[in-house]
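# Descriptive analysis of the structure
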Amino acid sequence: MDEVVSRNPATGAEVGRFPVADAAAVTAAVDRARAAGRWWAGLGFGARRRHLLHWRALVTRRMTELAEVLHAETGKPIAEGIIETAAAIGDIDWAARHARRVLAPRRVRRVLPVAEASAHLEYRPYGVVGVIGPWNYPVFTPLGSIAYALAAGNAVVHKPSEHTPAVGQWLADTFAEVVSGPPVFQVVHGTGETGAALCRSGVDKLSFTGSTTTAKQVMAACADTLTPVVLEAGGKDAMIVDTDADLDAAAEACVWGAFTNAGQTCVGIERAYVAAEIYDEFLSKVVARAAALTVGADGTADLGPIITPAQLAVVQRHIEDALDRGAKAVLGGREAVRPPYVHPTILVDVPPDALAAREETFGPTLVVQRVASMAEALRLANDTRYGLGGAVFGKRQAISVARALRSGMATVNDVLSFAGMSSLPWGGLGASGIGRLRGDDGLREFAHAKSIVVRRAPSVLRSRTFERTERDIARVVAAYRLRYGRRP
Ligand code: NDP
């Protein structure tokens, strides 16, 4: 049987071996999930909430163990693994606690043509949700789907990245310690082929997090069966710094936003547009802080390795392309690329058509550019096919600038904090994806609306019958004129 062999990207040490699921194995997992999903949905909101809160408590008690698995498999610093796990714990907790409020049956207002009936709305689980995840945040990203899909009453089949199977398996194994009956949450391992098989396996909804290129393939595969999708794809997020910003706070946040997880963050800050009056001071503060960051494999460094060789090649290409086109590296540069690491690199005078200015780099690089006004900052920040997150530092105009960013999320005087805000929807526009995870919208993403109308009395306006008379239709006209005919 084929295996996925997971290795530490910095040391090459083997982390684990996992059997590859072929198309038949994926379909079998989905069939098992369908029966398990019926059982799970039948438990109701209260019992599911209890199970999910038990799982949350178990993950929390063992969060340092999970951070160790994350470190072993991705090379990311232990502290980053803890932060990632903490955000995911918040997701399990929030989804468990709010599913009933958002999804349970409720009455809604009746309207005139059927005033004799009551109107009822509920959100029912799809059945089986497939979740395909990336390697950069293999706990936080899939749990933004898994926790909410489970809370909504679905069973889940998760395909982790071939680079992070041990993390995916850890999540399913700990869930099984809490829910030991039917396989409500399963993991299937393999490469993109296994992911493609999951798209075609008959799942009732597919949630994908990964690159924009793969998102298109997933959507195309799901189109065959009209399987609904939620797609969380790449980004090219910008930070905008206004003249009245707290520059120390802005520089500290910019460095973390750009270099956390060695820049392998979909909502990482890849570009900074800085008001001309404070540009030099801001840039020197950012460079000083970034130059002090440590890089290494031991789990205590600030930056770990680039997780895959293919990604390292992309980062290297972006740095070289920018420098070849006349950009200057004020930190790092060509010599910053020392496989499997890339040291923090800050680029200025980057031409607008350079890869580093336009395409997702997904590495520890930052492009900093001077702007004459907030209007120019917004024009440049929004000049991208992506639209995931973004950040604004400033006082007077900061919130209105954040509103005008063409993105699904934004922070003011902070970076990336939407990642810990489980109560808010997560997702992007354009090449960054379709649909929303987390928050009320994220729960509804994994449930379909079901409308029920219950007749309570004879028709007030008899019209939906061939037994109606001319007098009935005249009454409809009179009632509508009275109700809707007046000028507002
Ligand atoms: P990829 O698109 O390469 O892979 C994502 C997942 O899809 C992996 O599990 C991969 O399997 C699988 N896959 C590959 N080919 C197919 C296919 N044809 N059909 C179905 N599944 C397939 O992304 P990366 O893993 O490289 O992740 C990095 C990307 O993820 C970045 O672009 C980043 O911006 C984005 N991302 C977006 C987030 C968001 O919330 N918007 C959050 C985090 C990351 P395998 O790895 O085994 O090949």
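Above this text is the structure in question.
So, a few notes on the structure that sits alongside this text. These numbers were taken from a predicted model, which means no experiment stands behind them. (Residues numbered from 1 in each chain as written. Predicted model: local features only at pLDDT ≥ 70, side-chain atom pairs only at ≥ 80, totals over all residues. Heavy atoms only, no water.)

## Here's the deal with the site of the ligand
Spelled out, the test is: A cutoff of 4 Å decides nearness: a residue is near a molecule or strand if any of its heavy atoms lies inside that distance of it. Think of a polar contact as two N or O atoms within 3.5 Å of one another; within protein, one of them needs to be a possible hydrogen donor and the other a possible acceptor, and neighboring residues in sequence only count if both atoms come from side chains. The method behind every accessible area is Shrake-Rupley, applied with a 1.4 Å probe, and residues are considered shielded solely by the protein chains displayed. Only protein atoms enter the calculation, which uses a 1 Å grid: trapped sets of points that fit a 1.4 Å probe without letting it out are cavities, open sets showing protein on both sides within 12 Å along at least five of seven lines are pockets, and any residue with an atom within 4 Å of a point is a lining residue. A molecule is counted as occupying a cavity or pocket when more than half of its atoms fall within 2 Å of that pocket's grid points. What counts as a helix is a DSSP run of H or I of at least four residues, what counts as a strand is a run of E of at least two, and both are numbered from the N terminus.
Residues in contact with the ligand amount to 30 residues; listed here are only the nearest, G133, S211, T214, C266 and E360. Between the ligand and S161, the relevant distance is 2.9 Å, taken from an oxygen atom to a side-chain nitrogen or oxygen of the residue. Interatomic distance of 3.3 Å between a backbone N/O atom of G210 and an oxygen atom of the ligand. Here the ligand, which alone exposes 900 Å², has 88% of that area covered by the protein. When atom positions are compared with the pocket grids, the ligand is found to occupy the largest pocket. The set of elements that each furnish at least two residues to the shell around the ligand consists of α6 (192-199), β8 (205-209) and α7 (212-223).

## As for helix α9 (residues 276-291)
The condition that has to hold: Here the expected length of a helix is defined as 1.5 Å per residue gap, with one fewer gap than residues. The reported bend at a residue is simply the angle between two axes, fitted to the 7 residues ending at it and to the 7 residues beginning with it. Buried, partly exposed and exposed residues are distinguished by accessible area as a fraction of the type maximum, computed with a 1.4 Å probe on protein chains only: under 20%, between the cut-offs, and over 50%, respectively. Residues count as neighbours in contact if any of their non-hydrogen atoms are within 4.5 Å of one another.
Taking 1.5 Å per residue, 16 residues should reach 22 Å; α9 reaches 23 Å between its end C-alpha atoms and fits that length. Approximately 25° is the largest bend angle found in α9, and it occurs at F282. Among the residues making up α9, those that are buried are I278, Y279, F282, L283, V286, V287 and A290. Residues of α9 that are buried sit in contact with β10 (237-241), α8 (247-259), β11 (269-275), β12 (328-331), β15 (345-348) and β16 (365-371).

## Here's the deal with the pairing of strand β1 (residues 3-7)
Quick reminder of the rule: Any two strands with at least two DSSP-identified bridges between them are counted as paired.
The alternating pattern of β1 places V4 and S6 on a buried face and E3, V5 and R7 on a face that is not buried. In this sheet, strand β2 (residues 14-19) lies alongside β1 in antiparallel orientation, the contact comprising five bridges. Residue pairing in the sheet places E3 in a bridge with P19 of β2. Count of turn residues in the β1/β2 antiparallel hairpin: six residues, of which G12 carries a positive phi of about 80°.

## Focus: the sheet that holds strand β21 (residues 433-434)
Just so we agree on the cut-off: Axes here mean lines fitted to C-alpha atoms, for a helix over just the part in contact, with angles spanning 0 to 180 degrees between N-to-C directions.
Taken in spatial order, the six strands of this open sheet run β7-β6-β5-β8-β9-β21, and their pairing is mixed. Looking at the sheet topology across the chains shown, the edges are occupied by β7 (185-187) and β21. Its contacts with the sheet place helix α1 (residues 23-61) against β5 (128-132), β6 (155-159) and β7, and it is angled at close to 110° to β6.

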